[in-house]
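Remarks on the overall topology
Read off the chains here:
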Amino acid sequence: MYLCLFVAYNRALMRPRILRYESLPSTNTEVARLASGGAEEGLAIVADEQTAGRGRLQRAWSSPKGAGLYFSILLRPLFAPVRWPLITFVAALATGDALLEAAKVETDIKWPNDLLADDRKICGILAEAIETPAGRAVVVGIGLNLTDDAFPREIANLATSVATQSGRPPEREAILAALLNALSRWYSLLQEPEGALKIVAAWSSRSSYTAGKLVRVTNGAETLQGITRGIADDGALRLETAQGIQLIRAGDVTSVRPASMNV
Ligand code: BTN
């Protein structure tokens, strides 16, 4: 009994230890490297720029100096792997909290883990499971556009930044401090017995994509279209297609305007 309490208390205190760099190829790659050498849960890395930033689905993540928050943290979850996909939900909830608290920017979440402001992407999250000598671990990487210089001009109609949304110069350190606090809180919640359900509920309440949205999902060569019908307990997107409800576990989601609105 005492041992259980001690373990729960100890896990709740995920104390981030931040290492800062001027330039790195990728903060995710560096955290993974240090994790292989035995780094503990909570190791966090921030870089002013990334020269080989990585996004989901093997894409590059544009990371020019001073234009974004490029951040990664090491987690060593002890809970069942079935809950691990919810770690990206934790990261999205925490980043949303941090943006609201430190920059007064309201966000929407697009499944699985893009943060949108004004219907444009402001933040991307890349969670990667890795094998280390101390066991399987997860590197959570967060790329937040602080200014419009963070993304290429070609995608200016799809992306936005904290500066544009808040109308003020972004305060990276204030956002980072709020992010670390919020991450600790949501990650602790995920470890509680009813935590997964609470995380899915919180995430769902903050996403306009949760239910009733006509979307297209592309995964490699496969494309599906349907209406979103909620989030399953493990974080999968429930999509109602002509073939019935499908559980989506990977892919890119885009909102589709009904034909009648395309005028
Ligand atoms: C996405 O495709 O939306 C996810 C982008 C994740 C980018 C961040 S920036 C910090 C960390 N390091 C990386 O190389 N990628 C993630």
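Because the structure is a prediction, the values reported are computed rather than measured.

Turning to the site of the ligand, a few remarks are in order. The environment of the ligand is made up of 19 residues, and the closest members are Ser 26, Gln 50, Arg 54, Arg 56 and Lys 121. Within the backbone of Arg 54, an N or O atom sits 2.7 Å from a nitrogen atom of the ligand. Secondary-structure elements contributing two or more residues to the shell around the ligand are helix H2 (27-36), strand S3 (68-75), strand S6 (120-132) and strand S7 (135-145). When residues of the shell around the ligand are assigned to their parent elements, the largest contribution, 4 residues, is made by S6.

To continue, consider the pattern of salt bridges. One pass over the full model with this rule turns up 14 salt bridges. For Glu 128, the salt bridge is made with Arg 54, and the minimal N-O distance between the two is 2.6 Å. Of this pair, Glu 128 sits in strand S6 while Arg 54 sits in the loop between strand S2 (43-50) and S3; the two residues are 74 residues apart in sequence, bridging distant segments of the chain. Looking at Glu 128, the relative accessible area reads 22%, which means it is partly exposed. On the accessibility criterion, Arg 54 (33% relative accessible area) is partly exposed.

Procedures and definitions
Residues numbered from 1 in each chain as written. Predicted model: local features only at pLDDT ≥ 70, side-chain atom pairs only at ≥ 80, totals over all residues. Heavy atoms only, no water. Near = heavy atom within 4 Å. Polar contact = N/O pair within 3.5 Å; in protein donor to acceptor, adjacent residues only side chain to side chain. Helix = DSSP H or I, 4+ residues; strand = E, 2+ residues; numbered from the N terminus. Salt bridge = Lys/Arg side-chain N within 4 Å of Asp/Glu carboxyl O. Buried < 20%, exposed > 50% of the residue type's maximum accessible area, 1.4 Å probe, protein only.

By themselves, these figures tell us nothing about what the structure is for.
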